[in-house]
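Descriptive analysis of the structure
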Amino acid sequence: MAMNEALHADEPPKVALLNNPAVRNALFQVLLVLVIVFLVYSALSNMYANLAAAGIASGFGFLNNPSGFAVNQALIEYNQAESTYGRVYLVGLLNTLLVAFFGIILATILGFVIGIARLSKNWMISRLATVYVETLRNIPLLLQIFIWYFGVLRLLPQPREGFDFGPLGLLNNRGYFAPKPVWGDGAQFIFWAFIVGVIAAIAVSRWARKRQMETGQIFPAFWTGLGLVFGLPVLVFLALGAPLTWDMPVAGGFRPRGGMTIIPEFIALLVALSTYTAAFIAEIVRAGILAVNKGQTEAAAALGLRNNFILRLVVVPQAMRIIIPPLTSQFLNITKNSSLAVAIAYPELTSVFAGTTLNQTGQAVEIGSIPMLSYLPISLITSAVMNWDNKRMALGERENDREDPSRRAERLADPEDQPER
Amino acid sequence: MRENLFSSIPYTILTLLVLYVLWTIVPPILNFAFFDAVWSGSDRNACANAEQGGLQPQGWFGGCWAYVGAYFNQFIYGRFPVDEQWRVNIVGILFFGSLIPLLIPKAPFKRENIAFLLGIFPIAALILLTGGHFRFEGFLPGTGFIFAPGASKFWADYIIASLIILALVAMIARGSDRDPGPGMRSTAIVLGVIAVALFVLTIDFGLNHITTDRWGGLLVTMVIAVTGITASLPLGIALALGRRSSMPIVKLFSVIFIEFWRGVPLITVLFMSSVMLPLFLPEGVTFDKLLRALIGVALFSAAYMAEVVRGGLQALPKGQYEAASALGLNWGQSMRMIILPQALKMVIPGIVNTFIGLFKDTTLVLIIGLFDFLGQIQSSFTDPTWATPVTSLSGYFFAAAVYFVFCYAMSRYSMFMERRLDTGHKR
């Protein structure tokens, strides 16, 4: 046998058909495809048969039918009598995005504060932060939402006896009634001033970095930028003669009048989501800061950097590189977990669409898949953006390390293609 | 102490601030849970103040543990008939009795224990909880001419299917130049064991049949969590291996599967499994509501598990894969003996975190109308016998305490195992 192989060394050895990896892989994959095609086909054919038997319409035509149910929070115009299911979908989607947006901001701030507090040398503070993290992340989010909603906000006093925070608004079991800003003439210029400020701040920071690279001189770009972003709108606001009045809520019998109503469902969901997720973000932040080698801090100190510079220029940039990827998935978790609102009837995507609309139309397949397909792009886009940012912040690696070994072998073998020395 | 708390003026201020926060938070919680709580009583009068028509003084605010006590049985068993609850107790004793020795590293008989937990326990639990005495009608199409649907057709179908599988095994062995004997023998043993298990399920033990809509409380929570965990780990490992596979189609399907489940919220998955899944099944085939939720939970957590396992597979140095091939191990052997033991060990914290997440996520089934532990508590609030302003808070407090104990225990155990298994490879 061995001799035989030696004689025919230049021919491929004869192997059984199934021991040939290419054949085996191809066979396995063909089988897999066949099984999946069969499953999908039988599921679809069963579905059509079942739908026909139950007399349920299919297709997306129902999106143009009037919905006929009320939604208690809509960012866009919504009318119970005329608005369609398509409109309901938009209302729900916007409400999801609203709670996710504020949830992300609050959770990030709270999470960073608690994460840094866990590393504090002050024993009391680090203990308190640890207790916060351990308690909040070991209790199901749904239960926390229930506690905030049924256990706190619904137990608040009636509107008549509710809390009055004076200029800050009213709080009672119908929600939080905030003063509503009423913009006068020319208010859009303030918005444009804000946009101009942001662009100018970016330009200044680029210029400052370029100048620092060339000359070594440091320009206070951060404070200038802050001044531009907030100062410009304020200046325009004052120049226009402060075109802003506040519509104050007035305590009434059934519910307060005027002002801006923030429904208790939104508050409960927002508070529960952000405090719960903050516990996870705190752990991520803590791990990220701990992962920065102590030698880095010492080296920076040896260079003569002051304490806040060490933190800002050395520790934070390196920690952020570790923090950002898991932080992204927490942001996505907030967005996806906002669907738990269905349990307290906050009118977001899952609750108004997969809940009420499904009950009314019975089109389970379409209505089951639309929310799913709406969350998917949110998830995929967020991860794409964060991956891009992450790549920008990641450590630069040497070219050779990334090179495919076989390509490298070819290149080294080719005398024409030697790197210059 | 002084250095830690009062070393500088900002620190002193912070310390005092923390003390103030503790002072405003801790005493009310302790008062609610212990000092002002009501421990006994027969109805809402015990937990309502005078204004609400109860016995408590004006302004009283405390936990109503009398209500939790009155409902305790329902919180654990749901609507499981009281006379039959011993069956649930036996399942609980069997489960914890075999799980705890497994978790203690020094306890002996690990192999036997695992075999019991994965082999005998599920069948025993299924029979005890549902009542057993299952009726199988047969599953192969086109064999109706032998027997009418029923037990005989089922066993005839089973024998035919077994013969087909054995023939396939023999063909694969022939095709890869191996002696078909050992492969066929082990397949025959597996098929035989499955036949015995199925036969046991059909035996009438004289237990009353209890449908799953009577299950509830902690029982349902544990059933979903344990089944989900057991199903998601092997499925997750398979998906992770699929995602790292060199076969493009396998990889593509794994990536799509994983990214799809990870991109959607569990609630939509549960909605889908409860309203869409029945539509995908042939007419006449119905799935139990609990089973549908189980399928959704298992698929969902399998995707998360797959990503955790993939992390372990990627963290393993390439040399381990190459060394395994150099030893002449085939793919299955190298995975089983070299790669997976190391990779899984590395990601134990991640796996346990997924378990904890799954345990917490079981609460979501209450949204599709199953009565798990939280669902049972939530539904008890509507009972006018105990309806007081503090009922809901007492119920939530109790629920939070129970969930906390379970999740905290799991996370502590994972930290313990992580330290124990740490063989110093970490940088």
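Reference entry: report on the structure contained in this document.

Cut-offs used in this document
Residues numbered from 1 in each chain as written. Chains lettered and ligands numbered in written order. Predicted model: local features only at pLDDT ≥ 70, side-chain atom pairs only at ≥ 80, totals over all residues. Heavy atoms only, no water. Helix = DSSP H or I, 4+ residues; strand = E, 2+ residues; numbered from the N terminus. Buried < 20%, exposed > 50% of the residue type's maximum accessible area, 1.4 Å probe, protein only. Contact = heavy atoms within 4.5 Å. Areas by Shrake-Rupley, 256 points an atom, 1.4 Å probe, with all protein chains shown as cover. Lys, Arg positive; Asp, Glu negative; His and termini not counted. Charge placed at Lys NZ, Arg CZ, Asp CG, Glu CD. Phe/Tyr/Trp six-rings, centres within 6.5 Å; stacked < 30°, edge-to-face > 60°. Salt bridge = Lys/Arg side-chain N within 4 Å of Asp/Glu carboxyl O. Disulfide = S-S within 2.5 Å. Buried area = accessible area lost by both parts, 1.4 Å probe. Polar contact = N/O pair within 3.5 Å; in protein donor to acceptor, adjacent residues only side chain to side chain. Pairing = 2+ DSSP bridges. Patch = residues over 30% accessible without salt bridge, like charges linked within 9 Å, V, L, I, M, F, W, Y side chains within 5 Å. Axes fitted to C-alpha atoms, helices over the stretch in contact; angles between N-to-C directions. Parallel < 35°, antiparallel > 145°, perpendicular 65-115°, else oblique. Left-handed = near helix turned anticlockwise from the far one by under 90°. Nonpolar A, V, L, I, M, F, W, Y, C, P; charged D, E, K, R; others polar. Core = buried A, V, L, I, M, F, W, Y, C linked by side-chain atoms within 4.5 Å.

1. Things to note about the overall build of chain A
Tallying secondary structure elements over chain A gives 14 helices and six strands in all. Burial statistics for chain A: of 421 residues in total, 37% are counted as buried. Put simply, 67% of the contacts in chain A that link residues at least 6 apart link residues at least 24 apart.

2. A look at the overall build of chain B
Broken down by element type, chain B carries 16 helices and zero strands. When its C-alpha atoms are laid out on the principal axes, chain B stretches across 85 × 65 × 45 Å. In chain B, which comprises 427 residues, the proportion classed as buried is 42%. Within chain B, contacts between residues separated by at least 24 positions form 68% of all contacts whose residues are at least 6 apart in sequence. With the model as given, the accessible surface of chain B reaches about 22600 Å², and the carbon-plus-sulfur share is 69%. Taken together, the 29 basic and 23 acidic charged side chains of chain B have centroids lying 11 Å from each other.

3. With respect to the packing of aromatic side chains
Residue and element names in this part refer to chain B. Applying the stated rule across the entire model yields 37 aromatic pairs over all chains. Between F32 and W65, the aromatic rings sit 6.4 Å apart at their centres with planes inclined by 85°, giving edge-to-face as the arrangement. Here F32, found in helix 2 (residues 9–35), pairs with W65, found in helix 3 (residues 65–77); they are 33 residues apart in sequence, far enough to count as distant. Here F32 and W65 have matching classes, each one buried. With centroids separated by 5.9 Å and ring planes inclined at 70°, the aromatic side chains of W155 and Y158 adopt a geometry described as edge-to-face. Taken together, the positions of W155 and Y158, both in helix 6 (residues 151–175) and three residues apart, correspond to about one turn of that helix.

4. What about the pattern of salt bridges?
All names here are of chain B. Inspection of the entire model under this criterion finds nine salt bridges over all chains. The partner of R243 in a salt bridge is E259, with the nearest N and O atoms 3.1 Å apart. Of the two residues, R243 sits in helix 8 (residues 217–243) while E259 sits in helix 9 (residues 248–263), which places them 16 residues apart along the sequence. Residue class for E259 comes out partly exposed when judged on its relative accessible area of 25%. The residue E307 makes a salt bridge to R310 at a minimum N-O spacing of 3.0 Å. Separated by three residues within a single helix, E307 and R310 lie in helix 11 (residues 289–315), roughly one turn from each other. Where salt bridges share partners, they join R243, E259, E307 and R310 into one cluster.

5. Side note on the state of the cysteines
Residues and elements named next belong to chain B. Per the counting criterion, the structure on display carries one disulfide over all chains. Paired by a disulfide, C47 and C64 hold their sulfur atoms 1.9 Å apart. Measuring handedness by torsion sign, the sulfur bridge of C47 and C64 sits at about 75° and is right-handed. Of the two residues, C47 is situated in the loop between helix 2 and helix 3 and C64 in the loop between helix 2 and helix 3; the sequence distance between them amounts to 17 residues. Per residue, the accessibility class of C47 equals that of C64, and both read buried.

6. Let's talk about the interface of chain B and chain A
Taken together, the 58 residues of chain B in the interface contact 55 residues of chain A. In total, about 4800 Å² of surface goes out of reach between chain B and chain A, with carbon and sulfur atoms giving 74% of it. Taken together, the connections running from chain B to chain A amount to one salt bridge. Residues R412 of chain B and E134 of chain A are paired through a salt bridge, measuring 3.8 Å at the closest nitrogen-oxygen approach. Our count for the contact surface shared by chain B and chain A stands at eleven residue pairs in polar contact (both at pLDDT 80 or more).

7. Structural notes on the pairing of strand 3 (residues 175–178) of chain A
All names here are of chain A. Inspection of the sheet shows strand 2 (residues 170–172) paired to strand 3 by three bridges, in the antiparallel sense. Residue pairing in the sheet places L171 in a bridge with Y176 of strand 3. What sits between the antiparallel neighbours strand 2 and strand 3 is a turn of two residues. One ladder, built from three bridges, connects strand 3 with strand 6 (residues 260–262); its direction is antiparallel. Among the inter-strand pairings, A178 is bridged to a residue of strand 6, identified as M260.

8. A few points about a nonpolar patch on the surface
Residues and elements named next belong to chain B. A contiguous nonpolar surface patch, about 1200 Å² in accessible area, is contributed by Y20, V21, W23, I25, V26, I29, L30, F34, F35, W39 and F397. If you tally residues by element for the nonpolar patch, the top one is helix 2, at nine residues. Looking at the element boundaries, F35 is found in helix 2.

9. A few points about the side chain of S245 of chain B
All names here are of chain B. Among the secondary structure elements, S245 is positioned in the loop between helix 8 and helix 9. Here S245 falls in the buried class, since its relative accessible area comes to 16%. When near neighbours in sequence (up to four residues on either side) are disregarded, S245 contacts V250 and K251.

10. Details of the sheet that holds strand 3 of chain A
The strand order across the open sheet formed by four strands is 1-2-3-6 (chain A), and the pairing between neighbours is antiparallel. At either margin of the open sheet sits one strand with a lone partner, and together these are strand 1 (163–164) and strand 6 of chain A.

11. Concerning the side chain of T328 of chain A
All names here are of chain A. Tracing the backbone through its elements, the reader meets T328 in helix 10 (residues 307–337). On the basis of relative accessibility, which here comes to 5%, the residue T328 falls in the buried class. Within polar-contact distance, the side chain of T328 engages the backbone oxygen of I324 at 2.7 Å.

12. With respect to the packing of helix 8 of chain B against helix 11 of chain B
In a packed pair of helices, the relevant descriptors are the angle between the two axes and the axis-to-axis distance. All names here are of chain B. Where helix 8 contacts helix 11, the two axes come as close as 5 Å, and the packing angle between them is 45°. It follows that helix 8 is oblique to helix 11 by the angle criterion. Between helix 8 and helix 11 the crossing geometry is right-handed. Tallied by class, residues from the contact of helix 8 with helix 11 come to 20 nonpolar, five polar and three charged.

13. Description of the packing of helix 5 (residues 110–130) of chain B against helix 7 (residues 180–202) of chain B
All names here are of chain B. At a minimum axis separation of 10 Å, helix 5 and helix 7 run at an interaxial angle of 15°. Taken together, the axes of helix 5 and helix 7 are roughly parallel relative to one another. Two packed elements cross with a definite hand, and for helix 5 against helix 7 that hand is right-handed. Contacts between helix 5 and helix 7 involve I123, L126 and I127 from the former and A197, V200 and L201 from the latter. Class assignment for the residues of the contact of helix 5 with helix 7 results in six nonpolar, no polar and no charged.

14. Brief notes about the environment of L235 of chain B
Residues and elements named next belong to chain B. Following the sequence through the fold, L235 ends up in helix 8. Counting along the chain gives ten residues from L235 to A225, while the straight-line C-alpha distance between them is 15 Å. In contact with L235, not counting residues within four places along its chain, are L299 and A302.

15. Some words on the nonpolar core
Core analysis: the largest hydrophobic core is formed by 152 residues, its most contacted members being Y67, W215, F373 and L374 of chain B. Apart from residues no more than four positions distant in its own chain, W215 of chain B is found in contact with Y77, G78, F80, L129, T130, I210, V220, V223, L290 and F371 of chain B. Core analysis: the second largest hydrophobic core is formed by eight residues, I114, A117 and A129 of chain A together with V18 of chain B among them.

16. Overview of unusual backbone geometry
For A345 of chain A, which is not glycine, the phi torsion reads 60° and is therefore positive. We note that F109 of chain B has phi near 60°; this positive angle belongs to a residue other than glycine. Structurally, F109 of chain B is set in the loop between helix 4 (85–103) and helix 5.

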